[in-house]
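One-letter residues, chain by chain:
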Amino acid sequence: GETCLVVPFVSKHVFVAEVPSSWVFTNKMCVIRRDSETNHITLLSNIFEAWVREHGGTMGKTRNTLSLAAGVQTFPLLREPIRNARELLNEWKSKFRFAELDIGPSYTSIWNAYHNPEDKQSVVLALRSARSAIDLAVRNAYQMSEIDVKCDFVERQEGTRYTIPETMRRVV
């Protein structure tokens with residue numbers, strides 16, 4: 001059936017999930033029409049996360065409060081498709097399904113493992129690798145070759161994050 005993308009307004013982690021569009025959502029979710037694989041992988045990227053963290057807000061030390069107007073609606077989506085978007089998205093979905101089986105179906109648990117430098121499980125390493133490939137494709141599509149999208153563990157206000165370097169986050 002039809003699906004849409006959702007981004008929680010209040011969350012420990014910035015993430016996008018693909019869910020059935022027949023679901024009923026609370027006002028705590030930003031619901032986005034899923035109109036292309038390109039837009040989907042762009043919203044999965046660290047580039048989108050950096051934008052949201054810069055233009056959104058925080059709630060306490062660890063929770064992000066997405067500002068719909070500033071954080072999501074102002075994000076400039078690509079006009080041209082990314083050639084291998086479907087392959088990248090399928091790879092991400094496959095790795096995420098394996099993570100759900102190994103870690104559990106909780107998005108928070110999966111993202112906690114993703115951002116934990118001590119976590120060396122093969123499913124977590126595979127997720128990081130799949131997202132790195134997405135980051136590279138999205139960076140190239142935006143023609144921002146000056147942005148280093150090689151992720152590493154970075155201490156941030158909200159805790160340790162496996163993300164692009166802080167200097168590059170500011171460029172985004």
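Residues numbered from 1 in each chain as written. Predicted model: local features only at pLDDT ≥ 70, side-chain atom pairs only at ≥ 80, totals over all residues. Heavy atoms only, no water.

Asks: Got a minute to help me understand helix α5 (residues 107–115) in this structure?
Replies: Think of an α-helix as turning once every 3.6 residues; residues three or four places apart then point the same way. For α5, the set of buried residues is Ile110, Trp111, Ala113, Tyr114 and His115. Where α5 is buried, its residues meet α2 (46–55), α4 (85–103), α6 (122–141), β7 (152–156) and β8 (159–163). Its side-chain oxygen placed 3.3 Å from the backbone nitrogen of Thr108, Ser106 serves as the N-cap of α5. (Buried < 20%, exposed > 50% of the residue type's maximum accessible area, 1.4 Å probe, protein only. Helix = DSSP H or I, 4+ residues; strand = E, 2+ residues; numbered from the N terminus. Contact = heavy atoms within 4.5 Å. Polar contact = N/O pair within 3.5 Å; in protein donor to acceptor, adjacent residues only side chain to side chain.)

Asks: Whenever I open this one, the sheet that holds strand β3 (residues 17–20) confuses me. Can you help?
Replies: Across a sheet, strands are paired by hydrogen bonds formed along the backbone, either parallel or antiparallel in direction. As summarised here, the arrangement of the three strands in space is β3-β1-β4, forming an open sheet in which the pairing is antiparallel. Of all the strands in the sheet, the pair left with one neighbour each is β3 and β4 (29–33). Pairwise comparison of adjacent strand axes, ignoring direction, gives a mean angle of 40° for this sheet. (Pairing = 2+ DSSP bridges. Axes fitted to C-alpha atoms, helices over the stretch in contact; angles between N-to-C directions.)

Asks: Would you mind showing me how to read the pairing of β8 here?
Replies: Residues in a regular strand project their side chains so that they alternate between the two faces of the sheet. Pairing analysis gives five bridges linking β7 to β8, with the strands arranged antiparallel. Across the sheet, residue Arg156 finds its bridge partner in β8, namely Gly159. Linking two consecutive strands that pair antiparallel, namely β7 and β8, is a turn of two residues.

Asks: What exactly am I supposed to notice about the packing of helix α1 (residues 37–44) against α4 here?
Replies: How two helices sit against one another is set out by the angle between their axes and by the gap between those axes. Close contact between α1 and α4 brings their axes to 9 Å; oriented N to C, the two are set at 50°. Considered as vectors, α1 and α4 are oriented oblique to each other. Relative to α4, the crossing made by α1 is left-handed. Where α1 abuts α4, its residues Glu37, Thr38, His40, Ile41 and Leu44 lie against Ala85, Arg86, Leu88, Leu89, Trp92 and Lys93. Here the contact of α1 with α4 is composed, by residue class, of six nonpolar, two polar and three charged. (Parallel < 35°, antiparallel > 145°, perpendicular 65-115°, else oblique. Left-handed = near helix turned anticlockwise from the far one by under 90°. Nonpolar A, V, L, I, M, F, W, Y, C, P; charged D, E, K, R; others polar.)

Shape is all these values report; function is a separate question.
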